[in-house]
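Summary of structural features
Residue strings, one per chain:
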Amino acid sequence: NAGVTQTPKFRVLKTGQSMTLLCAQDMNHEYMYWYRQDPGMGLRLIHYSVGEGTTAKGEVPDGYNVSRLKKQNFLLGLESAAPSQTSVYFCASRAWTGASYEQYFGPGTRLTVT
Amino acid sequence: AQKITQTQPGMFVQEKEAVTLDCTYDTSDQSYGLFWYKQPSSGEMIFLIYQGSYDEQNATEGRYSLNFQKARKSANLVISASQLGDSAMYFCAMREGYGGATNKLIFGTGTLLAVQP
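Right, let's walk through the structure included here. (Residues numbered from 1 in each chain as written. Chains lettered and ligands numbered in written order. Predicted model: local features only at pLDDT ≥ 70, side-chain atom pairs only at ≥ 80, totals over all residues. Heavy atoms only, no water.)

**A closer look at the pairing of strand 3 (residues 19–25) of chain A**
All names here are of chain A. Definition in use: Buried residues are those whose accessible area, probed at 1.4 Å on protein chains only, stays under 20% of the maximum for their type, while exposed residues exceed 50% and partly exposed ones sit between those limits. Numbering goes from the N terminus for both helices and strands, where a helix is a DSSP run of H or I of at least four residues and a strand is a run of E of at least two. Two strands qualify as a pair provided that DSSP identifies no fewer than 2 bridges between them.
The two faces of strand 3 differ: Met19, Leu21, Cys23 and Gln25 on one face are buried, but Thr20, Leu22 and Ala24 on the other face are not. Note that strand 3 and strand 8 (residues 73–78) share 6 bridges and pair antiparallel. Of the residues in strand 8, the one forming a bridge with Met19 is Leu78.

**Brief notes about the state of the cysteines**
Put simply, the test is: We call a pair of cysteine sulfur atoms a disulfide whenever their separation is within 2.5 Å.
Taken as a whole and assessed by the stated rule, the structure comprises 2 disulfides over all chains. The disulfide partner of Cys23 of chain A is Cys91 of chain A, and the gap between their sulfur atoms is 1.8 Å. The sign of the S-S torsion, about -75°, decides the handedness of the disulfide formed by Cys23 of chain A and Cys91 of chain A: left-handed. In this pair, Cys23 of chain A sits in strand 3 while Cys91 of chain A sits in strand 9 (residues 87–96), placing the two residues 68 residues apart along the sequence. The exposure class assigned to Cys23 of chain A is buried, which follows from its relative accessible area of 0%. Cys91 of chain A sits in the buried class, given a relative accessible area of 0%. One disulfide bridge connects Cys23 of chain B with Cys92 of chain B, the sulfur atoms lying 2.0 Å from each other. In this structure, the disulfide formed by Cys23 of chain B and Cys92 of chain B twists by about -65° around the S-S bond and is classed as left-handed. You can see Cys23 of chain B sitting in the loop between strand 3 (19–21) and strand 4 (24–26) and its partner Cys92 of chain B sitting in strand 10 (residues 88–96), a full 69 residues away along the chain.

It is worth stressing that arrangement in space is one thing and function is another; only the former is reported here.
Given below as structure tokens:
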């Protein structure tokens, strides 16, 4: 049981390039989330998914697209990267703990756009 | 709009002493959940403790306890007997609704705790 994993861990992009971040979970969780973390701003929700084949916008969705073709994978895409997308990206999935729904986080992906 | 406020950008505490990290929230929902996460320098987000809005008793998890004052809309984290390994960034978060379909979390800006020997 690897929990929530993210690929890659680090990436440097040039403005205008595209890339896909992969999030995978082996816990059979229905709900998955993508957040970005910027200095002094905490985590902000980009997109989320309540199940295979479904996605929805979060707080800061512009410039990103997502797909959930398989239950265990949640992909975050940047079609044309901008310096404003330099951030640390966290994926999370949701589980019931017996007292609450808890979000389990991946280790993060540090993205720099130059 | 729902909001989480952490007013302490940084805190120092001596090893073995207790420390309180402040968190206030704003919501019009009657049902909500409050969470604390720890983020060490390695970057991962570690779940610490949860408090539901209808829970009458303060949540506790080992050395962590949550001082929940509903009327004041505060959910402070208390760490007892601080250890050097407690040095990290701590985030307070609130979930909209009660086990709602989306379970979106709203995060505060964090408090950086440094434990001194």
